[in-house]
Amino acid sequence: MTFSPQLEEIFAKMLQQYPEGRTRSAVVPMLIYAQDEVGSVNRELIEEVARRCKVTPLQVDEVVGYYSMLHRKPMGKYHVQVCTNISCLLVGGEELYESAKKKLGIGHKQVTADGQFSLEEVECMGACSWAPAVEINYDFHHFVTPEKLNQLIDSLKRAQ
Amino acid sequence: MAKQLFNQPSPLETMVLSKRFALEGSETLDVYLKNDGFKAFLKAKEMTPEAIIDEVKASALRGRGGAGFPTGLKWSFVPRTSPKPRVIVVNADESEPGTCKDRLLIEYDPHQMIEGILIAGLAVDAHVGYVYIRGEYRYLIEKMDRAIAEAYSKGYLGNNVAGTGWKFDLYTHSGAGAYECGEETALLDSLEGKRGIPRMKPPFPAVAGAWGLPTLLNNVETFSAIPPIIRDGGAAFAALGTPKNGGTRLVCISGHVNKPGVYELPLGFPMMKAIDEVAGGIPGGRKLKAVVPGGSSCPILTASECDIPMDYDTLAKIGSMLGSGGMVVLDETTDMVRFALRIMRFYQHESCGWCIPCREGTTWLRKILQRFYEGHGRREDISLLGELSKNMLGRTFCALGDAAAMPTISIVEKFTEDFERYLARETVAV
Ligand SMILES: Cc1cc2nc3c(=O)[nH]c(=O)nc-3n(C[C@H](O)[C@H](O)[C@H](O)COP(=O)(O)O)c2cc1C
Ligand code: SF4
Ligand code: FES
């Protein structure tokens, strides 16, 4: 498997930054960066990461289920993550999540039929003082209302 | 045009760590160097490791990650003369609900944190460091990588730090979504490429941490406080706070306030003043009901308990904690059953499942709270919630078990009426 030149550059650095013989340390960061490019953590990726980090595929496989950001199935092109934890809850986070479900017609960790959007109810993402917060892929959105989120989703749809 | 900050600063703040936040280009090394940057490192380079650690002890700085352990003391535990190389790890996992401050320290002033790490390197004779950043903060990892690259290119990292001939390498490491990886030993396992399961202590990380090497692990804010401490002296930093509670800290105010935001306040700052004046009070003139003083793991305070100075010792005296600095304000309309349920859903989701009291306890507590919230609660459930939580205290492998139990016990005990109202099938609005 090969990745984009940018990713190959990141991986080359990653494999060198840990102490001698400790390339296993690169497993989790490599998986998450590769997932962004490949779409999901599939069998082939697990084997590739194992080969590069000099560990067994099993050692890679066992971390996949542990980390919530790693997915075995592809998520949407736009992964909409709505926080409903306490600070967000107090200012409408759950209502925002309900409205996102309705708008996209999908539930927790589901993907729209066209593969464009997926939705996830997430735990605190470090935006508590600017709540309710939403992260779409890696972009943070603060003080989000249902109307603002609807507009955001519409503009992403139009951008395709 | 002025720089767009996450929130407007308050005139009541004491800006020490955040003093450069509003400067244009504050994330660049040039701006850092023009505004006191690296003065502390050059000073520390002329000091003995013992003198550096003494200065940190004199500052009365306590860890800002949650546990509040005295930083100077922690540094003194690292075996500086061990034949094994020492490692520095920065905890930037920031995932305690209510906490959003480390983000700002990295986004607005990454070089301050780098300088703090370098000074720690001098103190424990370490030459390599890793910044473990939660995976959701990818944009921050990129910002941190850029700051590190700039520091290397200008000679503030690498083989000849600031022209002193001293060597230090710094790298970032991405997490991938797991609250438990904020716990220091789980973080170390995660850094080694494994699941984040906590380790048995002792040995403590100071002795055998990352890859079995002596490891100094602190929170982002803890490292960021080091340059001002060395530059202006530990005593000056200590004097900003109260005895044994040195300095300032970034308080993240969220929930029912008019001006939520992250504000740098001295330790010992009055809690009510933080709510009413710094954060602009509660919207609509509504009354205060409760405060989560330092992240969701802390026992909750009722309105009548909030007339206190915010320092570690005062909070401990009234049975709570200053925790991670995440202060969540709840007004009188808040439904405490719903609030307790959301807290427990979080801990149940994040329990790594390693030990039974935590795995089973959080599952049961969540079920009972869910049943209550759905209107099927029974009177016995109220005492059952308290008993089940108390049974978890001190019986779990890591502090996550206590973190789930403590807020629950306090909510059930202090807001029993909210639960009773559910029995009468009358819900309180949120
Ligand atoms: C479940 C759990 C989660 C934690 N999450 C974090 C975190 O996200 N960031 C952090 O700095 N400390 C976190 N801590 C505290 C760390 O274990 C550790 O005490 C801290 O990082 C030490 O740094 P300090 O002394 O500078 O505070 C967590 C602890 C537990 C038990
Ligand atoms: S207390 Fe919970 S999170 Fe900690 S080790 Fe036990 S099961 Fe895991
Ligand atoms: S509680 Fe939603 S971002 Fe922290």
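Keep in mind that this is a model prediction, so the values were computed, not measured.

A few words on the overall build of chain A. Counting its secondary structure elements, chain A contains seven helices and four strands. Starting at the N terminus and walking to the C terminus, you meet the elements of chain A as α-α-α-α-β-α-α-β-β-β-α. Based on the C-alpha atoms only, the size of chain A along its principal axes is roughly 50 × 35 × 25 Å. Here chain A, with 160 residues, has 40% of them falling under the buried criterion. Look at the contacts in chain A between residues 6 or more apart in sequence, and 57% of them connect residues 24 or more apart.

Looking now at helix α15 (residues 356-373) of chain B. Residues spaced three or four apart along an α-helix face the same direction, because each turn holds 3.6 residues. Residues and elements named next belong to chain B. With 18 residues, α15 should reach 26 Å at 1.5 Å per residue; the first-to-last C-alpha distance of 25 Å fits that figure. Every buried residue of α15 is listed here: C358, G361, T362, L365, R366, I368, L369 and F372. The secondary structure elements touched by the buried residues of α15 are α14 (336-350), α16 (379-392), α17 (400-414) and α18 (416-423). Looking one or two places after α15, you find G375, whose phi comes out positive at around 90 degrees.

What follows is about the site of ligand 2. All names here are of chain B. In the vicinity of ligand 2 lie 14 residues, with C352, C355, C358, T396 and C398 positioned nearest. Within the residue set of the shell around ligand 2, elements represented by two or more residues are α15 and α17. Taken together, the residues of the shell around ligand 2 sort by class into eight nonpolar, four polar and two charged.

Looking now at the domain arrangement of chain B. Residue and element names in this part refer to chain B. Parsing chain B into structural domains produces domain 1 (29-240), domain 2 (248-331) and domain 3 (336-423). Using C-alpha coordinates to define each centre, domain 1 is positioned 35 Å away from domain 3. With seven residues of domain 1 at the interface, the matching set in domain 3 holds eight residues. Tallied by class, the residues present in the side of domain 1 that touches domain 3 amount to four nonpolar, one polar and two charged.

This part is about the environment of S155 of chain A. Counting through the fold element by element, S155 of chain A comes out in helix α7 (residues 146-158). Here the alpha-carbon distance between S155 of chain A and T2 of chain A, two residues 153 residues apart in the chain, equals 33 Å.

On to the nonpolar core, then. Counting 180 residues, the largest nonpolar core has I119, A120, I253 and A274 of chain B as the members making the most contacts within it. Setting aside anything within four residues of it in sequence, one finds A274 of chain B in contact with V251, I253, L265, F269, A279 and M310 of chain B.

Thresholds, definitions, all that
- Residues numbered from 1 in each chain as written.
- Chains lettered and ligands numbered in written order.
- Predicted model: local features only at pLDDT ≥ 70, side-chain atom pairs only at ≥ 80, totals over all residues.
- Helix = DSSP H or I, 4+ residues; strand = E, 2+ residues; numbered from the N terminus.
- Buried ≥ 20, exposed ≤ 12 C-beta atoms within 10 Å, placed from the backbone.
- Contact = placed C-beta atoms within 7 Å.
- Expected span 1.5 Å × (residues − 1).
- Near = placed C-beta within 6 Å.
- Nonpolar A, V, L, I, M, F, W, Y, C, P; charged D, E, K, R; others polar.
- Domains from an automatic or database assignment.
- Core = buried A, V, L, I, M, F, W, Y, C linked by C-beta atoms within 7 Å.

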